[in-house]
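# Overview (structure and organization)
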Amino acid sequence: MYFIHRDWEAGPLCKKVRHVPGRTVMEWFRGLWEPDGLERAHAELDGAPYELERLRECGDTPPEDLVELRRRIRMALWADRELHIDAHSIRISSMGAHLEEAFFFVDDERVDERPDRWAYPVHAAWPLPEAAVPGPAPFVAPFPCEELAPSAAGDVGATYLLCTTLPARHDTLGWDRTYVLPGVRLPQLAAALRRPIRNRDDWPQDLLGLRALVGPDDDGIAPAFERLRRFAEGAGEFPGPHDQAHLAALEHLRAVTPDDGRVPERTLIQVGEHLAQLALHADGIGHRPWYVFDDVWAGAHPELAASLIHYAYHWDPGCTRRHGFLLPCRNEEYLDLRLGHADRVRDYEPYDEPLVTGLTGARSVAELRRRIFQDTGTGEQRLLLVLDQDHRSEVFGVIGAVVGHPTPDACELRYFRLVRPGRRPELASRLIKALCLELRKEGYSSLVLSEPPTELCRKRLRSVIVRGASPVGRVIPLTDVRLPDDYARRTDPFLL
């Protein structure tokens, strides 16, 4: 089993990796209940997360199966963010004391089965291997990377550029896109960066800064990486033509004094013929890894390159769920919506029964389902929970919806129970608007309410109704709903 702790403060790669041979994930967790289980866990993981001690307190005996283990983890430990479990791995996203972090427990079998997802996460030390023996097939990225410039006729190869960033405390794991310069390999990258830029808005700030640091006579990217040691974070806005941008960058380097805990000497640089690596010491928190590699290196290490691109973009290497950009993971059978602030909506799971019965007064969830979903025909029954993640995922709402009823292209909202409408009167209207947008994106044509929308709900929907009218009846025509531009762009890169 591998344990991976994704942590911005954990050295040049921003992660800690430990390997426990000979045990599966389930065997390892059950071993916590052995007489010396916690001591062994601390030794094997070089300091186990403190949550494991609390997990031991959830029961006198080890969990019998993954369902029980999931229940204990969700209810007692990492309940504030994402929790994904399958037969061979447990993946957890959590808010640490200062920054977002993630924990992965994954069997050796899954790592061997899906190296295109796990080869980079289980790579323990900086730097990556540089060997670039041509592979048997051209490299294909796991999803399309954004092109920075068109390829000229006759050009061959491609160079991929990946800069990790830490913009804030929240939503910081993943979301780092990989960009590509087609028709350019790493030895020609410096010359390619000196070319005129067609559209500056297509370039991220970090790469604009790297471009400005390339000297007019540089043969490779190594001198620009050396200059980047002292380059102030966020200093990528320079004039368009390269000669002007480079002069402005040099002036910046002469004037800047590293601060905020940044130590240029702690930045690590390694530049080979087809792979350039930079562990930029950015501030008192630690490093930001950068990788620049071409198709030759990627063809020699296709699993490592693919898993690196995926790891930078998505916090969960094991995610197989279809979901949009900047949206939580979900799949066809699982709904997960963010409503703003710390509120979210997700599907009911079996361990939620005590919370649901306590909130609704029903004797059991089975009784509640019978009450809500009688006479729904072939529609898909969905019992949804509304949670406040600021208070350890406290449940304060239950929703009953039927997808595909009363017509195949409709969704009927049958049950709506919120226990805090007085304190958050806008919550119900935000929820209905979020459902309208999500259902519209999935191709449904109407949302049927149990009663007409309130004035607050009509006001909130006004901004996304194409014809500018507010729905007044129980049926909201989703064909009139316009997806905002940022929402429409949230397509799934993993399925393109």
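Going by the structure above, here's the rest.
What you see is a predicted model; the values in this text were computed from it and never measured.

Conventions adopted
- Residues numbered from 1 in each chain as written.
- Predicted model: local features only at pLDDT ≥ 70, side-chain atom pairs only at ≥ 80, totals over all residues.
- Heavy atoms only, no water.
- Helix = DSSP H or I, 4+ residues; strand = E, 2+ residues; numbered from the N terminus.
- Buried < 20%, exposed > 50% of the residue type's maximum accessible area, 1.4 Å probe, protein only.
- Contact = heavy atoms within 4.5 Å.
- Areas by Shrake-Rupley, 256 points an atom, 1.4 Å probe, with all protein chains shown as cover.
- Pairing = 2+ DSSP bridges.
- Polar contact = N/O pair within 3.5 Å; in protein donor to acceptor, adjacent residues only side chain to side chain.
- Axes fitted to C-alpha atoms, helices over the stretch in contact; angles between N-to-C directions.
- Expected span 1.5 Å × (residues − 1).
- Salt bridge = Lys/Arg side-chain N within 4 Å of Asp/Glu carboxyl O.
- Arc of directions from axis to C-beta.
- Core = buried A, V, L, I, M, F, W, Y, C linked by side-chain atoms within 4.5 Å.

### Some remarks on the overall build of the protein chain
A tally of regular secondary structure across the protein chain gives 17 helices and 18 strands. Put simply, the protein chain has 496 residues, and 54% of those count as buried. Expressed as a percentage of contacts within the protein chain between residues at least 6 apart in sequence, the contacts between residues at least 24 apart total 60%. Carbon together with sulfur atoms contributes 51% to the accessible area of the protein chain, which is approximately 22,000 Å² in total.

### Things to note about unusual backbone geometry
Backbone torsion omega between Trp126 and Pro127 reads 5°, so that peptide bond is classified as cis. Between His405 and Pro406 the backbone carries a cis peptide bond, its omega angle lying at 0°. Tracing the chain through its elements places Pro406 in the loop between β15 (394-403) and β16 (410-418). One non-glycine residue, Trp175, lies in the positive phi region at around 70°. Here Trp175 is to be found in the loop between β7 (158-163) and β8 (178-182). Of the residues examined, Trp175 reaches a relative accessible area of 27% and is grouped as partly exposed.

### Some words on the pairing of β7
Taking burial as the measure, the six residues of β7 include six buried ones, the bulk of the element. Residue alternation in β7 divides its side chains into two sets, Ala158, Tyr160 and Leu162 and Thr159, Leu161 and Cys163, and both sets are buried. In terms of strand pairing, β7 meets β8 through five bridges, oriented antiparallel. For Ala158, the partnering residue across the bridge sits in β8 and is Pro182. Relative to strand β11 (residues 287-294), β7 runs antiparallel, the two being bridged by five bridges. Opposite Thr159, over in β11, you have Asp294 as the bridge partner.

### Re the side chain of Thr172
Mapped onto the secondary structure, Thr172 falls in the loop between β7 and β8. Within the local environment of Thr172, its side chain forms a polar contact with the side chain of Trp8, the two groups lying 3.2 Å apart. In this structure Thr172 touches Trp8, Glu100, Thr165, Leu166 and Pro167, once residues within four positions along its chain are discounted.

### Things to note about the sheet that holds strand β2 (residues 15-19)
With antiparallel pairing, five strands are arranged side by side in an open sheet as β2-β1-β5-β4-β3. If you trace the sheet from one side to the other, it starts and ends with β2 and β3 (83-86), each paired once. Ignoring strand direction, the axes of neighbouring strands in this sheet form an average angle of 10°. Bridging between strand β1 (residues 2-6) and β2 involves five bridges; their strand directions are antiparallel. Bridge assignment links Phe3 to a residue of β2, and that residue is Arg18.

### Here we look at helix α12 (residues 302-313)
An ideal rise of 1.5 Å per residue puts 16 Å on 12 residues; α12 measures up with 17 Å between its terminal C-alpha atoms. Across the 12 residues of α12, 10 count as buried, placing the element largely inside the fold. Within α12, burial applies to Leu304, Ala305, Ala306, Ser307, Leu308, Ile309, His310, Tyr311, Ala312 and Tyr313.

### So, the pattern of salt bridges
Going through the model one piece at a time under the given rule, you end up with 22 salt bridges. Here Glu113 ties to Arg110 by a salt bridge, and the two come within 3.0 Å at their closest N and O atoms. Of this pair, Glu113 and Arg110 both sit in helix α5 (residues 108-113), three residues apart, which is roughly one turn of that helix. Judged by its relative accessible area of 47%, Glu113 is partly exposed. We classify Arg110 as buried; its relative accessible area is 17%. In this structure, the salt-bridge partner of Arg458 is Glu455, at a minimum N-O distance of 2.7 Å. Of this pair, Arg458 and Glu455 both sit in helix α16 (residues 455-461), three residues apart, roughly one helical turn. Its relative accessible area of 19% is what places Arg458 among the buried residues.

### Focus: the sheet that holds β8
A sheet is described by the order of its strands in space; here six strands give the open sequence β6-β8-β7-β11-β10-β9, paired in mixed fashion. The strands lining the two open edges of the sheet, one partner per strand, are β6 (146-147) and β9 (268-271). Relative to the sheet, α12 contacts β7, β8 and β11, its axis offset from that of β11 by approximately 140°.

### Section: helix α2 (residues 37-44)
For α2, the complete set of buried residues consists of Gly37, Leu38 and Ala41. For α2, the buried positions fall inside an angular range of 95° around the axis, keeping them on one side. Exposed side of α2, more than 90 degrees from the buried face: Glu39 and Ala43 are the residues found there. For α2, the secondary structure elements touched by its buried residues are α1 (25-30) and α3 (51-56). In the segment just after α2, Asp46 is the residue with positive phi, at about 55°.

### Looking at the nonpolar core
Ranked by internal contacts, the top residues of the largest apolar core, which has 33 residues, are Leu161, Leu189, Leu193, Leu207, Leu210 and Ile221. Among the elements of the structure, β7, β8, α7 (189-193), α8 (205-213), α9 (222-228), α10 (242-255), β10 (275-281) and β11 are those that each provide at least two residues to this core. Ranked by the residues each element gives to this core, the list is headed by α8, at five residues. Residues contacting Leu161, with those up to four places away along its chain left out, are Leu148, Arg177, Thr178, Tyr179, Leu181, Leu189, Leu207, Leu210, Tyr291 and Val292. Residues Val345, Ile399, Leu418 and Leu431 belong to the second largest nonpolar core, which totals 26 residues.

### Side note on the side chain of Arg70
Considering the arrangement of structural elements, one finds Arg70 in helix α4 (residues 66-76). Excluding its chain neighbours within four sequence positions, the residues that come into contact with Arg70 are Leu83, His84, Ile85, Glu349 and Tyr351.

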